Amino acid sequence: MRTGRYHHGDLRAALLERAEQTLREQGVDALSLRELARALDVSHAAPSRHFRDRRALLDALALTGIQRLTTAGRAGLARSGDGFPERVFAFARAYVDFAAAHAALLELAFARKHDAAVADELELAWQPLKADLQAVIAHGQREGRIRAGNADRIGAVLFTAVHGVATQAAGGQLTGPALDQVFDDLLTHLLRGLAPSAGDEPLTEPAAPAC
């Protein structure tokens, strides 16, 4: 009979750590509560005290990925200068670097949000990262470097573009100096395009369609 090697909270953390390793090395299809129990030398029933089934494990992993990405973004901002260009470059680069280092975890975080059973919880988990991005954009608007308008819509443009680079970095298509060059060029052109100019109309919420 196997004896307990973990305190209650320690086993949950150990399960998530091992699950992330399996996800990274073998892919999501290899994840199994039974296999995790075997790998950690605990009873087959032990993981069910923390995760009722495999889906709950995947949801917890996705949540962990979102939280760690948010932490990485904030660390990037903390290391940056006070000016808007430095802050937006640091925040965006933190996202790209996280995607490159934790590709499978981030892919899972995006995939799980389409599951209706957990979509609301994961959407809530994304909110701090979105709020941080909106704060960076609002900073740029106050400095006169970003045109006036809805920060959420402007943020969606920035996020979508940076996510494209992050996806290529995660897949290994962009690495090293090539990644640095594409990233710098992307942010430079994006910020130039979003800068205020004479005659600009603010980016606002779209009008409701006529009935």
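In what follows, the accompanying structure is described. (Residues numbered from 1 in each chain as written. Predicted model: local features only at pLDDT ≥ 70, side-chain atom pairs only at ≥ 80, totals over all residues. Heavy atoms only, no water.)

So, the nonpolar core
Convention followed: Nonpolar cores were defined as sets of buried Ala, Val, Leu, Ile, Met, Phe, Trp, Tyr and Cys residues, with membership established by side-chain atoms within 4.5 Å. Under the scheme applied here, a residue whose accessible area is under 20% of the maximum for its type counts as buried, over 50% as exposed, and between as partly exposed, the area being computed with a 1.4 Å probe on protein chains only. A run of DSSP states H or I qualifies as a helix once it reaches four residues; a run of E qualifies as a strand once it reaches two. Both are numbered from the N-terminal end. What makes two residues a contact is simply this: any of their non-hydrogen atoms within 4.5 Å.
Ranked by internal contacts, the top residues of the largest apolar core, which has 59 residues, are Phe51, Leu61, Val96 and Trp126. Elements represented by at least two residues in this core include exactly α1 (8-26), α2 (33-40), α3 (54-79), α4 (84-101), α5 (103-112), α6 (119-142), α7 (151-170) and α8 (176-194). Ranked by residue count, the leading element in this core is α3, at 9 residues. Sequence-distant contacts of Val96, defined by excluding residues within four places in its chain, comprise Val162, Val165, Ala166, Ala169, Leu179 and Phe183.

Remarks on the layout of surface pockets
Counted only if it meets this: A cavity here means a set of points on a 1 Å grid, drawn over the protein atoms and nothing else, where a 1.4 Å probe fits but cannot get out; a pocket is an open set with protein on both sides within 12 Å along at least five of seven lines, and a residue lines either one if it has an atom within 4 Å of a point. Grid points are joined across faces, edges and corners, and a volume is the space filled by probe spheres set on the points.
As a volume, the largest pocket reaches approximately 420 Å³. Together, 22 residues line the largest pocket, and Lys130, Leu133, Gly155, Ala156 and Phe159 are the ones closest to its centre. Of all elements in the fold, only α3, α4, α6 and α7 reach the threshold of two or more residues within the lining of the largest pocket. Put simply, the second largest pocket is a space of about 210 Å³. Looking at the second largest pocket, it is lined by 13 residues, and the ones nearest its centre are Arg12, Ala56, Asp59, Ala60 and Glu121.

As for the pattern of salt bridges
Stated formally: Salt bridges are defined by distance alone: a side-chain nitrogen of Lys or Arg within 4 Å of a carboxyl oxygen of Asp or Glu.
For the coordinates displayed, the defined rule picks out 8 salt bridges. The residue Glu20 makes a salt bridge to Arg68 at a minimum N-O spacing of 2.6 Å. In this pair, Glu20 sits in helix α1 while Arg68 sits in helix α3, placing the two residues 48 residues apart along the sequence. For Arg68, a relative accessible area of 30% puts it in the partly exposed group. A salt bridge links Asp59 to Arg112; the shortest N-O distance between them is 2.8 Å. Taken together, the residues span a long stretch of sequence, with Asp59 in helix α3 and Arg112 in helix α5 at a distance of 53 residues.

Some thoughts on the packing of aromatic side chains
For clarity, the threshold we go by: The rule is short: rings of Phe, Tyr and Trp, with Trp giving its six-membered ring, pair when the centres are within 6.5 Å, and they are stacked under 30 degrees, edge-to-face over 60, tilted in between. The criterion for a charge sitting over a ring is simple: Lys NZ or Arg CZ within 6 Å of the ring centre, and within 35 degrees of the ring normal.
Considering all chains together, one arrives at 4 aromatic pairs under this definition. Centroid distance Phe110 to Phe159: 6.4 Å. Interplanar angle 50°. Geometry classified as tilted. Highlighted residues: Phe110 in helix α5 and Phe159 in helix α7, separated in sequence by 49 residues. Among the residues examined, Phe110 registers a relative accessible area of 17% and is labelled buried. Among the aromatic residues, those joined into a cluster by ring pairs are Tyr95, Phe110, Trp126 and Phe159. Lying across the ring of Phe183, Arg93 places its NZ or CZ 5.3 Å from the centre.

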